[in-house]
Amino acid sequence: MKQDYTPLDQDTLTRLVYTHDDEITDLTQKILLLIDRIEQVEESKK
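Note that the coordinates shown come from a computational prediction; the quantities given were computed from them, not determined experimentally.

Participant: Where do I start with the overall build of the chain in this structure?
Facilitator: The number of helices and strands found in the chain is two helices and zero strands. Within the chain, buried positions represent 0% of all 46 residues. Accessible surface computed for the chain: about 4900 Å², of which carbon and sulfur atoms make up 58%. Here the chain contributes 6 positive and 11 negative side-chain charges, whose respective centroids are spaced 9 Å apart.

Structure, rendered in C-alpha cells:
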C-alpha cells in the first residue's frame, strides 16, 4: 500500500508547531535525557 505525501506549506507547519509547542518541548527534553543516559551507559562499558 503506497501512500503519497504532500509537503505541508510553511503556514501549516507554523500553526502545527505553535499548537503543539508544549508536546514538542516535552518530547525534546525526553530525547535529550535518553541521549544522556545512552552516553552514560556507553561510558560505563569502557
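Participant: Please explain the packing of helix H1 (residues 10–19) against helix H2 (residues 21–44) as it appears in this structure.
Facilitator: Axis angle and axis distance: for two packed helices, these are the angle between their axes and the distance between the axes, and together they describe the pair. Running from amino to carboxyl end, H1 crosses H2 at an angle of 70 degrees, the nearest separation of the two axes being 4 Å. Judged by the angle between their axes, H1 and H2 are roughly perpendicular. Contact residues: Val17, Tyr18 and Thr19 in H1; Asp21, Glu23 and Ile24 in H2. When its residues are assigned to classes, the contact of H1 with H2 shows three nonpolar, one polar and two charged.

Cut-offs applied
- Residues numbered from 1 in each chain as written.
- Predicted model: local features only at pLDDT ≥ 70, side-chain atom pairs only at ≥ 80, totals over all residues.
- Heavy atoms only, no water.
- Helix = DSSP H or I, 4+ residues; strand = E, 2+ residues; numbered from the N terminus.
- Buried < 20%, exposed > 50% of the residue type's maximum accessible area, 1.4 Å probe, protein only.
- Areas by Shrake-Rupley, 256 points an atom, 1.4 Å probe, with all protein chains shown as cover.
- Lys, Arg positive; Asp, Glu negative; His and termini not counted.
- Charge placed at Lys NZ, Arg CZ, Asp CG, Glu CD.
- Axes fitted to C-alpha atoms, helices over the stretch in contact; angles between N-to-C directions.
- Parallel < 35°, antiparallel > 145°, perpendicular 65-115°, else oblique.
- Contact = heavy atoms within 4.5 Å.
- Nonpolar A, V, L, I, M, F, W, Y, C, P; charged D, E, K, R; others polar.

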